[in-house]
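Fold and contact review
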Amino acid sequence: KRRVFKRSWFLGDTINASIGQGFLLTTPIGIANMMVTLLNYGTMYKPYIVQSFFVGKQEIDINTPTIVKKINISKASLKANFFVASLKRFLTFR
């Protein structure tokens, strides 16, 4: 924002970005895929809405994980990243 618009970043910008609005235009699936890519150390998978379904007691798997691309992110930098650490704490909270 500062480089393009020559304006400071405000708390409201963070809130807008968290829901895919403002200076970051994306969908909820795009945001989820971005977060999962970070948690997977840079491996981006094709997102699916439905992975499998049941016919009676038999599970039918309709999607296998497909890698879209790999982003070069070091595991050391992600382990030190507050954002990633916070996501992992949130996802494993009991």
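Before going into details, it helps to say that this report is about the structure given with it. As the structure is a computational prediction, the values presented were derived from the model and not from experiment.

Rules used throughout
Residues numbered from 1 in each chain as written. Predicted model: local features only at pLDDT ≥ 70, side-chain atom pairs only at ≥ 80, totals over all residues. Heavy atoms only, no water. Helix = DSSP H or I, 4+ residues; strand = E, 2+ residues; numbered from the N terminus. Buried < 20%, exposed > 50% of the residue type's maximum accessible area, 1.4 Å probe, protein only. Core = buried A, V, L, I, M, F, W, Y, C linked by side-chain atoms within 4.5 Å. Contact = heavy atoms within 4.5 Å. Polar contact = N/O pair within 3.5 Å; in protein donor to acceptor, adjacent residues only side chain to side chain. Patch = residues over 30% accessible without salt bridge, like charges linked within 9 Å, V, L, I, M, F, W, Y side chains within 5 Å. Areas by Shrake-Rupley, 256 points an atom, 1.4 Å probe, with all protein chains shown as cover. Salt bridge = Lys/Arg side-chain N within 4 Å of Asp/Glu carboxyl O. Expected span 1.5 Å × (residues − 1). Axes fitted to C-alpha atoms, helices over the stretch in contact; angles between N-to-C directions. Parallel < 35°, antiparallel > 145°, perpendicular 65-115°, else oblique. Nonpolar A, V, L, I, M, F, W, Y, C, P; charged D, E, K, R; others polar.

Here we take up unusual backbone geometry. Even without being a glycine, K6 presents a positive backbone phi close to 60°. Along the chain, K6 turns up in the loop between α1 (2-5) and α2 (11-18). Positive phi values are uncommon outside glycine, yet Y41 reaches one of about 55°. If you trace the backbone, Y41 turns up in the loop between α3 (28-39) and β1 (43-45). Residue classification places Y41 among the partly exposed residues on the basis of a relative accessible area of 26%.

Core analysis: the biggest nonpolar cluster contains 5 residues, these being L38, L39, L78, V84 and L87. Those elements that place two or more of their residues in this core are α3 and α5 (82-91). Residue contacts for L39: discarding those within four places in its chain leaves V84, L87, K88 and L91.

Let us look at the side chain of D13. Looking at where D13 falls in the secondary structure, it is placed in helix α2. A polar contact of 2.5 Å, which involves the side chain of D13, links it to the side chain of K1. Each residue touching D13, except ones within four places of it in the same chain, is listed here: K1, S8 and F23.

Turning next to a nonpolar patch on the surface. A contiguous nonpolar surface patch, about 550 Å² in accessible area, is contributed by I29, I49, V50, F53, V55 and I62. Its location among the elements puts I29 in helix α3.

On to α3. With 12 residues, α3 should cover 16 Å at 1.5 Å per step; its first-to-last C-alpha distance of 17 Å lies within 8% of that length. I31, N33, T37, L38 and L39 are the residues of α3 that are buried. On its buried side, α3 packs onto α2, β1, α4 (75-79) and α5. With its phi angle positive at about 55°, Y41 sits one or two positions after the end of α3.

Quick look at the environment of K70 now. Looking at where K70 falls in the secondary structure, it is placed in strand β4 (residues 67-70). Distance from K70 to P47, taken between C-alpha atoms, is 14 Å for residues 23 residues apart in sequence.

We now examine the environment of I60. Within the element layout of this structure, I60 appears in strand β3 (residues 58-61). On a C-alpha basis, the gap between I60 and S18 in space is 34 Å, while along the polypeptide they are 42 residues apart. When near neighbours in sequence (up to four residues on either side) are disregarded, I60 contacts Q51, S52, F53 and V55.

Take the packing of α3 against α5 next. Axis angle and axis distance: for two packed helices, these are the angle between their axes and the distance between the axes, and together they describe the pair. Orientation of α3 relative to α5, taken along the N-to-C sense of each, is 100°, at an axis distance of 10 Å. Accordingly, the angle class assigned to the pair α3 and α5 is roughly perpendicular. Contacts from M35, L38 and L39 in α3 reach F83, V84, L87, K88 and L91 in α5. For the contact of α3 with α5, the per-class residue count stands at 7 nonpolar, no polar and 1 charged.

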